[in-house]
Amino acid sequence: MRQSELQGHLDAMLLAILRGEPMHGYGMVEELRRRSEGEFDLAEGTIYPALHRLERAGLLSSSWEVVDGRRRRVYALSRAGREAAGQRLDSWRRFSAAIDAVLSPSPEGRP
Amino acid sequence: MSLRRRDGRSRRDRNEDARPSIDLYVKELSSQLRFHGLRRWRIVREVRDHLSESASDFERKQRAGRGSAEHDAIARFGGARQIAAELNARPPAHSRAAHRLALLWVSWIAAMGMGSATVWAAVEWPTTAGARSTPGAVDARQAGSKASHARARSSRSGAKSAKARSGVREKGATVARKGTKAAGTGAKAARTASSCARGARGNDHYSVAATRPRRCT
């Protein structure tokens, strides 16, 4: 998938990944790759501007932690971030269902 | 002409490989950032950690050399200019507005604090028993001062001076008691007011030893 197509959904994807557990940047990239089964291969560095933007918006919090002997900046969803993640998921489901209905309409749905 | 070795690579090529790619990349990214301080330090640290971990993973999985692992990690990370440009991007308008509002709020609080401090400093503080001047105490001092002036006038007036002084004293004390009551700030304030009134009746000064002599006016 093209980078430009992914960029518009990056914030929502990062929020969705962090719904599971707090994670550091590299871990999020790995998780994104794993969940998309290698389909989403975005430039890894682009997640940092997104993470910092989300943190400034109060949707994420972060702190330095030592994980596996390495010091890392770990991100977690704030309460507002958790709500935003839920809202974006609902919004995406409605949107993708509508797009899907337009792109591949069922035979019964045709006038 | 550059000296070539058995593997067909020049000494310069080999030196290029030996250079710490991640360090160079991070340096370039840092030079492109338009912000400083903690934020810059943090992003540089995060990027370095990310690249280092990515290179280590690649090195382990692909059994590659460190140099090529670092190059691969950097290639996957994206161009330093592009990342820096995204990091430099201004926050959206609503975020800036919230920032301004917060700044305005903090400024207002600071101004109010400074104003209060100035007013507080303008009020004279008696130093006895740590008591503070209060509006009631100030009233009492003013009343006492008036009493003092009246006493001076009455003493000049001749035969009735003693009687007049007595009356004025009573009046000063009454006003002082009223001022103390109005202040309503407890026993310390009351003591301060009474002390002031006594001072006014006496020598127009606080009758306490203080580092700075203070007047009751």
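As a reminder, the structure under discussion sits directly above these lines.
Structural notes, computed from the coordinates. (Residues numbered from 1 in each chain as written. Chains lettered and ligands numbered in written order. Predicted model: local features only at pLDDT ≥ 70, side-chain atom pairs only at ≥ 80, totals over all residues. Heavy atoms only, no water.)

1. A closer look at the overall build of chain A
Inference 1: Along chain A, the regular secondary structure elements total five helices and three strands.
Inference 2: Listed by position from the N terminus, the elements making up chain A come as α-α-β-α-α-β-β-α.
Inference 3: Out of the 111 residues belonging to chain A, those deemed buried represent 41%.
Inference 4: Long-range contacts, defined here as pairs at least 24 residues apart, represent 49% of the contacts in chain A between residues at least 6 apart.
Inference 5: Working note: accessible area of chain A is about 6,500 Å², and carbon and sulfur atoms make up 51% of it. (Helix = DSSP H or I, 4+ residues; strand = E, 2+ residues; numbered from the N terminus. Buried < 20%, exposed > 50% of the residue type's maximum accessible area, 1.4 Å probe, protein only. Contact = heavy atoms within 4.5 Å. Areas by Shrake-Rupley, 256 points an atom, 1.4 Å probe, with all protein chains shown as cover.)

2. Regarding the interface of chain B and chain A
Inference 1: In this complex, chain B contributes 23 residues to the contact, which on the side of chain A involves 23 residues.
Inference 2: A per-residue breakdown of the area chain B buries against chain A is headed by Arg42, His50 and Glu53 of chain B, which together make up 29% of the total.
Inference 3: The tally of links between chain B and chain A comes to four salt bridges.
Inference 4: Applying the counting rule to chain B against chain A returns 13 residue pairs in polar contact (both at pLDDT 80 or more).
Inference 5: Looking at the side of chain B that touches chain A, the elements with two or more residues in it are helix H3 (37-62), helix H4 (66-77) and helix H5 (80-88) of chain B.
Inference 6: Looking at which element gives the most residues to the side of chain B that touches chain A, the answer is H3 of chain B, with 14 residues. (Buried area = accessible area lost by both parts, 1.4 Å probe. Salt bridge = Lys/Arg side-chain N within 4 Å of Asp/Glu carboxyl O. Polar contact = N/O pair within 3.5 Å; in protein donor to acceptor, adjacent residues only side chain to side chain.)

3. Focus: the pairing of strand S2 (residues 60-67) of chain A
Residues and elements named next belong to chain A.
Inference 1: Where S2 lies against strand S3 (residues 70-77), eight bridges are found, and the strand directions are antiparallel. The residue of S3 that forms the bridge with Trp64 is Arg73.
Inference 2: Linkage of S2 to S3, two consecutive antiparallel strands, is achieved through a turn of two residues, within which Asp68 is found at a positive phi near 55°. (Pairing = 2+ DSSP bridges.)

4. Examining the pattern of salt bridges
Residue and element names in this part refer to chain B.
Inference 1: Following the criterion strictly, the structure yields 16 salt bridges over all chains and no others.
Inference 2: When the shortest N-O distance is used, the salt bridge between Arg60 and Asp57 registers 2.8 Å. Of this pair, Arg60 and Asp57 both sit in helix H3, three residues apart, which is roughly one turn of that helix.
Inference 3: A relative accessible area of 55% places Arg60 in the exposed class.
Inference 4: Of the charged contacts in the structure, one is a salt bridge between Arg66 and Glu70, with a shortest N-O distance of 3.2 Å. You can see Arg66 and its partner Glu70 sitting in helix H4, four residues apart, about one turn around the helix.
Inference 5: Judged by its relative accessible area of 31%, Arg66 is partly exposed.

Such coordinate-based values are descriptive only and should not be taken to indicate function.
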